[in-house]
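Single-letter residue listing:
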Amino acid sequence: MEIKQKSTWEKVELGTCYYPEHWDKSLWEPDLRRMLEHGITTVRIAEFAWNLTEPEEGVYTFDFFDEFLDLAERVGMKVIFGTPTATPPAWLTEKYPEVLNARRDGVLYRHGTRRHYNYNSKKYQELSAKIVEQLGAHYGKRPCIVGWQIDNEFNCETQQFYSESDTIAFREFLQERYGSLEELNRAWGAVFWNQSYTDWAQVYVPRTTYGDGTNPHQWLDYIRFVSESTIRFCKLQSDILRKYIKPGDFITTNGMFGSVDNHRLTRDCLDVYTYDSYPNFAYVWGDPKHNNTLLDRKWSRHLMEVRSVCPHFGIMEQQAGAGGSVGMDAPAPKPGQMMLWAMQSIAHGADYVSFFRWRTATFGTEIYWHGLLDYDNLPNRKMDELKKLHARVEAIQEIAGSDYVAPLGLLKDYDNVFDSQVDAWHGKLISASETELFVAAQLSHTPMDTVYLYEGTSLEELKKYRVLVLPHGEIMTESKARLLENYVRQGGCLIVGARTGQKDIDGHCVMAPVPGLLASLTQSSVKEFTWIGPGDDPVPMEWNGRSLETGLFNEVLTAAGEEAKVLARYNGDIWYTGEPALIETKVGDGKVFHFGGTFTRGTVSALLDYLGMAEPFGELAQIPAECEIAVRRKGEKEYLIVLNYGKKPQEIFLKQPMVDLDNRCDVEGTVVLGSYETKVYRING
Ligand code: GAL
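Because the structure is a prediction, the values reported are computed rather than measured.

### Notes on the overall build of the protein chain
Item 1. For the protein chain, the count of helices and strands is 19 helices and 27 strands.
Item 2. At 26 Å, the protein chain has a C-alpha radius of gyration in line with the 26 Å of a compact globule built from 685 residues.
Item 3. In terms of its C-alpha atoms, the protein chain occupies a principal-axis envelope of roughly 75 × 75 × 45 Å.
Item 4. When burial is assessed residue by residue, the protein chain has 60% of its 685 residues classed as buried.
Item 5. Considering only intrachain contacts with a sequence separation of at least 6, the fraction spanning at least 24 residues in the protein chain is 74%.
Item 6. Here the protein chain has roughly 26700 Å² of accessible surface; of this, 52% comes from carbon and sulfur atoms.
Item 7. The distance from the centre of the 72 positive side-chain charges to the centre of the 95 negative ones in the protein chain is 2 Å.

### Section: the pattern of salt bridges
Item 1. Under the definition given, this model contains 51 salt bridges.
Item 2. With its nearest N and O atoms 2.5 Å apart, the salt bridge here joins Asp423 to Lys503. Within this pair, whereas Asp423 is found in the loop between helix 14 (414-422) and helix 15 (424-443), its partner Lys503 is found in the loop between strand 14 (493-496) and helix 18 (519-522), the two being separated by 80 residues in sequence. Grouping residues by exposure puts Asp423 and Lys503 together as buried.
Item 3. The shortest N-O distance in the salt bridge between Lys679 and Glu677 comes to 3.6 Å.
Item 4. Salt bridges linked by common partners bring Arg177, Asp221, Arg224, Asp413, Asp415 and Lys480 together as one network.

### Some thoughts on helix 12 (residues 337-348)
Item 1. When the terminal C-alpha atoms of helix 12 are compared, their 16 Å separation across 12 residues agrees well with the 16 Å that a helix rising 1.5 Å per residue should span.
Item 2. Taken together, the buried positions of helix 12 are Gln337, Met338, Met339, Leu340, Trp341, Ala342, Met343, Gln344, Ser345, Ile346, Ala347 and His348.
Item 3. Just beyond helix 12, the residue with positive phi is Gly349, at close to 130 degrees.

### What to know about the sheet that holds strand 13 (residues 467-470)
Item 1. Taking strand neighbours across the sheet as the criterion, the 9 strands line up as 12-11-13-14-21-20-19-16-17 in an open arrangement whose pairing is mixed. What marks the edges here is a single partner per strand, and that holds for strand 12 (448-452) and strand 17 (546-549). The mean inter-strand angle of the sheet, taken between neighbouring strand axes irrespective of direction, is 25 degrees.
Item 2. When strand 16 (residues 540-543) meets strand 19 (residues 564-570), the two strands line up antiparallel, connected through 2 bridges. The residue of strand 19 that forms the bridge with Met541 is Tyr570.

### Section: the state of the cysteines
Item 1. A full pass over the atoms with the stated rule returns 0 disulfides.
Item 2. Between Cys234, a cysteine without a disulfide, and Cys269, which holds the nearest cysteine sulfur, the sulfur-to-sulfur distance is 4.0 Å.

### Details of a nonpolar patch on the surface
Item 1. There is a patch of nonpolar side chains on the surface, built from Val191, Phe192 and Trp193 and spanning about 430 Å² of accessible area.
Item 2. One can find Trp193 in the loop between helix 7 (181-187) and helix 8 (216-244).
Item 3. The exposure class assigned to Trp193 is exposed, which follows from its relative accessible area of 62%.

### Examining the sheet that holds strand 8 (residues 313-319)
Item 1. Taken together, the 9 strands give an open sheet; going across it, the order is 5-4-3-2-1-9-8-7-6, and neighbouring strands pair in parallel fashion. The open sheet has two edge strands with one neighbour each: strand 5 (250-252) and strand 6 (254-255).
Item 2. The pairing of strand 1 (residues 13-17) with strand 2 (residues 40-45) spans 4 bridges and is parallel. Residue pairing across strands places Thr16 opposite Val43, the latter belonging to strand 2.
Item 3. Taken strand by strand, helix 13 (residues 381-395) contacts strand 1, strand 2 and strand 9 (350-356), and its axis lies near 150 degrees from that of strand 1.

### Comments concerning the site of the ligand
Item 1. By nearness alone, every residue bordering the ligand is listed as Phe48, Arg114, Asn152, Glu153, Asp276, Tyr278, Glu317, Phe356, Glu366 and Trp369.
Item 2. Take Glu153: an N or O atom from its side chain is 2.4 Å from an oxygen atom of the ligand.
Item 3. At a separation of 3.0 Å, an oxygen atom of the ligand approaches a polar side-chain atom of Trp369.
Item 4. Of the residues in the shell around the ligand, the class split is 4 nonpolar, 1 polar and 5 charged.

### Topic: unusual backbone geometry
Item 1. A cis amide bond links Gly255 to the next residue, Met256, at an omega of 15 degrees.
Item 2. Examined against the element boundaries, Met256 turns out to sit in the loop between strand 6 and helix 9 (262-269).
Item 3. With an omega of -15 degrees, the peptide bond running from Phe356 to Arg357 counts as cis.
Item 4. Along the chain, Arg357 falls in the loop between strand 9 and helix 13.

### Let's talk about helix 1 (residues 28-37)
Item 1. Residues of helix 1 that are buried include every one of Trp28, Asp31, Leu32, Arg34 and Met35, and no others. In a view along the axis of helix 1, the buried residues occupy a sector of 165 degrees, so they form one face of it.
Item 2. The elements touched by buried residues of helix 1 are strand 1, strand 2, helix 3 (63-75) and helix 13.

### Some remarks on the nonpolar core
Item 1. Among the nonpolar cores identified, the biggest contains 150 residues, and Ile45, Phe81 and Leu494 are the most heavily contacted of them.
Item 2. A total of 9 residues in this core trace back to one element, the largest contributor, which is helix 8.
Item 3. Filtering out sequence-adjacent residues up to four positions away, Ile45 remains in contact with Tyr18, Pro20, Phe65, Phe68, Leu69, Val79, Ile80, Phe81 and Gly82.
Item 4. Core analysis: the second largest hydrophobic core is formed by 35 residues, Ala440, Phe595, Ala606 and Leu611 among them.

### Here we look at the packing of aromatic side chains
Item 1. Tallying each qualifying case throughout the model produces 47 aromatic pairs.
Item 2. Ring plane angle 45 degrees and centroid distance 6.0 Å describe the contact between Trp50 and Tyr124, whose orientation is recorded as tilted. Linking Trp50 in helix 2 (residues 50-53) with Tyr124 in helix 5 (residues 122-139), this pair joins segments that are 74 residues apart in sequence. Each member of the pair Trp50 and Tyr124 is classed as buried.
Item 3. One aromatic cluster in this structure is built from Tyr18, Trp28, Phe62, Phe64, Phe65, Phe68, Phe81, Tyr139 and Trp148.
Item 4. One cation-aromatic arrangement involves Arg171 over Tyr204; the distance from NZ or CZ to the ring centre is 5.0 Å.
Item 5. Its end group placed over the ring of Trp531, Lys428 keeps NZ or CZ at 5.6 Å from the ring centre.

### Some thoughts on the packing of helix 11 (residues 299-309) against helix 15
Think of two packed helices as two axes; the pair is described by the angle between the axes and how far apart they sit.
Item 1. At a minimum axis separation of 10 Å, helix 11 and helix 15 run at an interaxial angle of 100 degrees. Considering their axes alone, helix 11 and helix 15 lie roughly perpendicular with respect to each other. Between helix 11 and helix 15, the residues in contact are Ser300, Arg301 and Met304 and Glu434, Thr435, Phe438 and Gln442, respectively.
Item 2. Of the residues assigned to the contact of helix 11 with helix 15, the class counts are 2 nonpolar, 3 polar and 2 charged.

The rules behind each value
Residues numbered from 1 in each chain as written. Predicted model: local features only at pLDDT ≥ 70, side-chain atom pairs only at ≥ 80, totals over all residues. Heavy atoms only, no water. Helix = DSSP H or I, 4+ residues; strand = E, 2+ residues; numbered from the N terminus. Rg over C-alpha atoms; globule rule 2.2 N^0.38 Å. Buried < 20%, exposed > 50% of the residue type's maximum accessible area, 1.4 Å probe, protein only. Contact = heavy atoms within 4.5 Å. Areas by Shrake-Rupley, 256 points an atom, 1.4 Å probe, with all protein chains shown as cover. Lys, Arg positive; Asp, Glu negative; His and termini not counted. Charge placed at Lys NZ, Arg CZ, Asp CG, Glu CD. Salt bridge = Lys/Arg side-chain N within 4 Å of Asp/Glu carboxyl O. Expected span 1.5 Å × (residues − 1). Pairing = 2+ DSSP bridges. Axes fitted to C-alpha atoms, helices over the stretch in contact; angles between N-to-C directions. Disulfide = S-S within 2.5 Å. Patch = residues over 30% accessible without salt bridge, like charges linked within 9 Å, V, L, I, M, F, W, Y side chains within 5 Å. Near = heavy atom within 4 Å. Polar contact = N/O pair within 3.5 Å; in protein donor to acceptor, adjacent residues only side chain to side chain. Nonpolar A, V, L, I, M, F, W, Y, C, P; charged D, E, K, R; others polar. Arc of directions from axis to C-beta. Core = buried A, V, L, I, M, F, W, Y, C linked by side-chain atoms within 4.5 Å. Phe/Tyr/Trp six-rings, centres within 6.5 Å; stacked < 30°, edge-to-face > 60°. Lys NZ or Arg CZ within 6 Å of the ring centre and 35° of its normal. Parallel < 35°, antiparallel > 145°, perpendicular 65-115°, else oblique.

So, in structure tokens, the structure goes:
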């Protein structure tokens, strides 16, 4: 998969989301001037404003945004223009109810909120194409426009589509994928519970069925289909925009949400990917009282995922204020957190950070989603923080375009991502392991990338990583197995966890010893397996005198080759005590580890220690677990970014002289980071 490696922005820039249609026109100019004074150079507009350009079917009006764009050009503000398809107008949904998405039982989602359309309605595609064509043709050459955002947050709100158009398109998708009903019946294991189809007209998107027993292979294909539908709808728009945009202007969309192959979406439709980062959700959904959760620091995991799609990305919406649609009550960011979260994005590769939103709406569903300014429009601490951030961004501009450096990679692929959405076993395993892997890597300051495997992934892409972890790659294909074997043979280190290689591409369990297609590489196999039930005691394994928990699931392993060495055995009061839990096998110049459990913080840190991978940048600085680090590299230049997520000050120790980019001073030795403070150092000169 070709990944766009170059940054879209020449320098780090700040922006905000502005809704001219929410405000009296007399506010526009003072707003834009005030933004510029605070370092905001770009606004995103228009993504929910279909009615303003097509108030009636086929009647196009451009005055409203022309007036705004004239002003933007006069004051020197850059603009990202949104296509409005996330919110179809009432005239449209009333006249063409077939464009609406439906609940699984067929009830249509009516007008009154957003994202209530379906991707597959021919009518919606036609009307979307027309409005995008009109917008592109009319505004495409405006000098202030620098980029286009397609729709808004594909697959947010819902990732499930059950309209009649979806069923028709699903049948076409399956005909293309399988060619015949015989093949479909085979792939779906339709003989089970007498589900075989004898006519394509009998095939539907999943419908309301009794209990939770819908065919899992049908679900897996359905998620693949939703992904295809999303990409097709995005491409419909990007193909049109390409005809009109100025050279150098970019096309993006903002995310990221599930049930879509974001990598292919980006490759096929976009110039750059942008992400919407709301770390304060951690204080609503997380467990703030629990010391071991990383709260807002966990957003680095999402940023790591975004970086895999697009190493130099943008943040289209960066949280600026307290969140709170109807039914949600979130705290306001504490002093310093807005800056911290912006720096978190920048540390992971964002070259554009745009705050959601300029001023809090005084009406509508999001009256409690707070922007930079509050309803009163008066100066406030968020605006002060924005000013400081601007000064900061200017001071650290030289890091723009530098690459994030990670020696550790988390392997993923969309077949497995989608399968884990369908298969409860897979879902639980991967969710636990990825969380623990991320936390352990964070606490030991081991920067990690996500690496997506595709049929065309090259060995060179994998060789960048000293260690790759495939926690539970249940679906395995010949070509991926071959690629992983080559990576190991040529000196790589691969770690696989329980249930790897358990399934084939259709999600059927393989009739072979597990890890299936990887068994000849690992030289190990699984004799038995079990969940650790809620009533069971945790099962430890003993490794070099350490007792380490083996998580939610245990595979009892067997070493099946000369090079396979048992490193750790289960112990405790369990019937498989003494049996292998972790096997290391040398293959060619590299090695592979087969671990029978789900990854826990303890097992990951023991593995990282064993491989000499914990604190890989330990020669630069000693950093407490409370702080995250990022190392960025551009040619000969290297940078160290340190982020303190806590209220308490943290002491770090710089082991070599570095330049603090904020004040251009040389520093070495002990430095104290205040609450939520971040530092950016140039390491070498
Ligand atoms: C995003 C969305 C914005 C706004 C924001 C705050 O998900 O793109 O339009 O809704 O969240 O809720």
